[in-house]
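# Observations on the model geometry
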Protein chains: 2
Amino acid sequence: MADPADPNPVSSTPTLPERIDTELAAFLTERTAQLADISPDLGVLSQAFRAAVLNGGKRLRPTFAYWGWRCVRPAGAPGEAELVRAAAGLELLHACALVHDDVMDGSDTRRGQPAAHIRFDRMHREQAWLGNGQSFGAAGAILLGDLLLSWSEELFTAAIGCLPADRARGATAEFDRMRTEVVAGQFLDMLAQARGAFDPDEALRVIEFKTSKYTVQRPLLLGAAAAGGTPELTAVLSDYGLLIGEAFQLRDDLLGVFGDPSRTGKPAGDDLREGKRTLLVALAFQAADPAQRELLRAGVGDPALTGAGVAELRQVLEQTGAHELVEQRILERAGQAARRLEGASLQPVAAQALLELAQAAAHRTS
Amino acid sequence: MADPADPNPVSSTPTLPERIDTELAAFLTERTAQLADISPDLGVLSQAFRAAVLNGGKRLRPTFAYWGWRCVRPAGAPGEAELVRAAAGLELLHACALVHDDVMDGSDTRRGQPAAHIRFDRMHREQAWLGNGQSFGAAGAILLGDLLLSWSEELFTAAIGCLPADRARGATAEFDRMRTEVVAGQFLDMLAQARGAFDPDEALRVIEFKTSKYTVQRPLLLGAAAAGGTPELTAVLSDYGLLIGEAFQLRDDLLGVFGDPSRTGKPAGDDLREGKRTLLVALAFQAADPAQRELLRAGVGDPALTGAGVAELRQVLEQTGAHELVEQRILERAGQAARRLEGASLQPVAAQALLELAQAAAHRTS
């Protein structure tokens, strides 16, 4: 509703992230009641759910799903509300991935707030409960993630099922692929980290599945399928998605090492300490001299790496030219993605939005 | 196919668990190919999937789903093959629950075989990979469980979608409830264990959600809904399911303390060491004298509990009459379940099977 005191009534039109958050809040209310019917003791699970989902996230996957839809359909077309609700389901899937990821990586914070397993761990300590708080925290977060994963499908399926059957089927096929590909990408990432190789091809394959397909390509194709997009549009969005997804992840990798922690919300150098096998470190290793290789081998994956150690590795990433190569590759991919949209048959406002998203993916600072 | 040398050709008709295993093996083959297309490195994930799913499990949930269906439809009726395939999806859901449960409980074995997280941990050690094998094992098992959870829904939905829409919808609603209730039940179990109370009502609530609904009631209702069962049948199966589920879990609790490890496949006393808040220990605590209460407080949940300590607790469970009370309650519930079937309008062969399942739940030794 417009606020009569609002000098700029147009500002009260909800943004897409606000629409997604409204859907998520409504779903949360419904599910809080379902859990309360089972037992009042499940209130803590509902609270953890709220913290994991309504966390000011960028809502990237719903955004791409929405613009995939808008490539075909004008604003406010029939079915848009259902598509937005289905897209909110993607955020529950993503919340599962983050909650489980934080357990797997042992990351204590998420967007500057305590991770789910840390919340449960603290609750355990505050109540002076029996057993080990850390195990309790991990178990609570595993169960919370499982619930988010099941519920993401329920929210998605109920909403998408309101669209014509053939379009719903196409969108669901993309949703199913997303769920498999994100797990596959994470597993490959974990393997790469354990093997400790510095292999650019392996790094690119992890990006393809863990980010490009999961974050950009599949959500776009999902939205386009829900809208009844043509095979030609699918081909364009498929290419655009892989290119922008790669640019997005490469920027993320740079921010993880060179970014401002007050903007990124995660401690500088954590990606290095965790031993992430990014393209950045793989390219540095390729170009490194023996002394630099030794620094990379010893430093990447050392959980006790100091601030000085991080600074030293940053220097290697600069001196080998890896930082510059990755910067160039980001711009190249963003440019290729923009050119892929040229001449494609899609709604002009959607083309404009996709161009802006390409710019944002390439140049963001947080 | 009948073996001409088989003196008893009828024995080559596949049993229901065999039919379920055939569906699971076919699904596994299809998904192994999907993972291989992503990367040959995912072969280890497919192997872990195989070990978690094709493990000689009892296939209880599909069995109840099948007999829920057979309450309404004769053997071989149209749609039966699809129902059996959908029921196989319940085993993937259950495999997820077990894989994640073993991580949460730190259980090293499952049916006498290494748990999924132990398999990944060993792989890590054998390959002398970087980082911590235990963390790698837990992360691999969390991802495997996530995949099983998504895939259970895909197998279920594709199969159930072949039935008429209203029946498919009813069955899907039960499937959705199962997924929420099993997580809720596990979370309540974890809370009860952490709080350390010996509360019979709390123990019964955990049984209701973690076992009765998840293992018996919902699968039965799912099968009946898929077959287009009447509200009267739903009411009968709903009651029968809660009663038999309780009998099944109480027998499980007794086997966990008094069972023969060579038959149950889990070390004697592990439930006591883990500190499970079963009805058995709650009833013992109620009837215990101060010395016995002290033994229960100190011993239940002590991971270092010795064989002698287990024997001492067993004695308390006997002397307080708790063992006997739980035995009686099992027989009572099985009897009530059998009586609930009397006079109900369902296929006689299904009534007979449900009576036998009631007996098996109450009297099994493994």
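Residues numbered from 1 in each chain as written. Chains lettered and ligands numbered in written order. Predicted model: local features only at pLDDT ≥ 70, side-chain atom pairs only at ≥ 80, totals over all residues.

So, on to the overall build of chain A. Secondary structure summary: chain A contains 16 helices and two strands in total. On C-alpha atoms alone, chain A measures out to a radius of gyration of 21 Å, which is about the 21 Å that the 2.2 N^0.38 rule sets for 366 residues. Looking at the 366 residues of chain A, the share that counts as buried comes to 51%. (Helix = DSSP H or I, 4+ residues; strand = E, 2+ residues; numbered from the N terminus. Rg over C-alpha atoms; globule rule 2.2 N^0.38 Å. Buried ≥ 20, exposed ≤ 12 C-beta atoms within 10 Å, placed from the backbone.)

Further remarks concern the nonpolar core. Ranked by internal contacts, the top residues of the largest apolar core, which has 232 residues, are Leu144 of chain A together with Leu144 of chain B. Discounting residues that sit within four places of it in the chain, Leu144 of chain A has contacts with Leu45, Ala48, Phe49, Ala52, Val99 and Ala116 of chain A. (Core = buried A, V, L, I, M, F, W, Y, C linked by C-beta atoms within 7 Å. Contact = placed C-beta atoms within 7 Å.)

Listed as interface residues are 43 residues of chain B and, on the opposing side, 43 residues of chain A. Elements that contribute at least two residues to the side of chain B that touches chain A include exactly helix 1 (16–38), helix 4 (80–105), helix 6 (133–160), helix 7 (165–195) and helix 8 (200–227) of chain B. For the side of chain B that touches chain A, a count of residues per class yields 22 nonpolar, 13 polar and eight charged. (Nonpolar A, V, L, I, M, F, W, Y, C, P; charged D, E, K, R; others polar.)

Another aspect to go through is helix 6 (residues 133–160) of chain A. In this model, helix 6 of chain A (28 residues) spans 40 Å end to end at C-alpha, consistent with the 40 Å of a helix rising 1.5 Å per residue. For helix 6 of chain A, the buried fraction is high: 23 of the 28 residues fall into the buried class. (Expected span 1.5 Å × (residues − 1).)

Glancing now at the packing of helix 7 (residues 165–195) of chain A against helix 6 of chain B. Two numbers describe how helix 7 of chain A lies on helix 6 of chain B: the axes approach to 10 Å, and their chain directions differ by 165°. As the angle between them shows, helix 7 of chain A and helix 6 of chain B are arranged roughly antiparallel. For the element pair helix 7 of chain A and helix 6 of chain B, the recorded crossing hand is left-handed. Two secondary-structure elements touch here, helix 7 of chain A through Asp176, Arg179, Thr180, Val183, Gln186, Phe187, Met190 and Ala194 of chain A and helix 6 of chain B through Phe136, Ala139, Gly140, Leu143, Asp146, Leu147, Ser150 and Glu154 of chain B. By residue class, the composition of the contact of helix 7 of chain A with helix 6 of chain B is eight nonpolar, four polar and four charged. (Axes fitted to C-alpha atoms, helices over the stretch in contact; angles between N-to-C directions. Parallel < 35°, antiparallel > 145°, perpendicular 65-115°, else oblique. Left-handed = near helix turned anticlockwise from the far one by under 90°.)

Residues and elements named next belong to chain A. Contact geometry for helix 2 (residues 43–53) and helix 5 (residues 116–126): axes closest at 10 Å, N-to-C directions at 145°. Crossing hand, helix 2 versus helix 5: right-handed. Of helix 5, the residues touching helix 2 (which contributes Val44, Ala48, Ala51 and Ala52) are Ala116, Arg119, Phe120 and Met123. Taken together, the residues that form the contact of helix 2 with helix 5 break down as seven nonpolar, no polar and one charged.

Our focus in this paragraph is the relation of the copies chain B and chain A. Least-squares fitting of chain B to chain A yields an RMSD of 0.0 Å, with the transformation described by 0.0 Å of translation along the axis and a rotation of 180°. On the angle and the small slide along the axis, the relation comes out as a two-fold axis. Looking at the interface residues of chain B, 100% of them are also at the interface in chain A, so both copies use one shared face. (Least-squares fit on C-alpha atoms with pLDDT ≥ 70 in both.)

A positive phi is found at Ala128 of chain A, a non-glycine position, where the angle reads about 50°. Position of Ala128 of chain A relative to the elements: it lies in the loop between helix 5 and helix 6. Of note, the phi angle at Arg59 of chain B is positive, near 55°, even though the residue is not glycine. Mapped onto the fold, Arg59 of chain B is located in the loop between helix 2 (43–53) and helix 3 (60–70).

Let's shift gears to the domain arrangement of chain A. Residue and element names in this part refer to chain A. Segmentation of chain A into domains returns domain 1 (11–54 + 80–162) and domain 2 (165–366). Relative placement of domain 1 and domain 2: their C-alpha centres are 25 Å apart. Put simply, the parts of the chain that give the side of domain 1 that touches domain 2 at least two residues each are helix 4 (80–105) and helix 6. The biggest single contributor to the side of domain 1 that touches domain 2 is helix 4, with five residues. (Domains from an automatic or database assignment.)

Quick look at the environment of Ala158 of chain B now. All names here are of chain B. Residue placement: Ala158 occurs in helix 6. Ala158 gets classed as partly exposed once you count the C-beta atoms within 10 Å, which come to 15. Expressed as a C-alpha distance, the spacing of Ala158 and Glu30, which sit 128 residues apart in the sequence, is 14 Å.

Turning our attention to the environment of Ala173 of chain B. Checked against the element boundaries, Ala173 of chain B lands in helix 7. With 97 residues separating them along the chain, Ala173 of chain B and Gly76 of chain B place their C-alpha atoms 25 Å apart.

Turning next to the environment of Leu42 of chain B. Mapped onto the elements of the fold, Leu42 of chain B is located in the loop between helix 1 and helix 2. For the pair Leu42 of chain B and Cys162 of chain B, spaced 120 residues apart in the sequence, the C-alpha separation amounts to 31 Å. Excluding its chain neighbours within four sequence positions, the residues that come into contact with Leu42 of chain B are Ala184 and Phe187 of chain A together with Leu35 and Ala36 of chain B.

Residues and elements named next belong to chain A. Put simply, chain A has an average pLDDT of 93, and 97% of its residues get 70 or more. The secondary-structure element of chain A with the lowest mean pLDDT is helix 10 (residues 261–264), recorded at 81, while helix 6 shows the highest, at 98. The low-confidence segment residues 1–9 (pLDDT under 50) makes five contacts with residues lying over four places distant or belonging to another chain. Here the prediction assigns the complex a pTM of 0.94, and the interface score ipTM is 0.94. (pLDDT = per-residue confidence, 0-100.)

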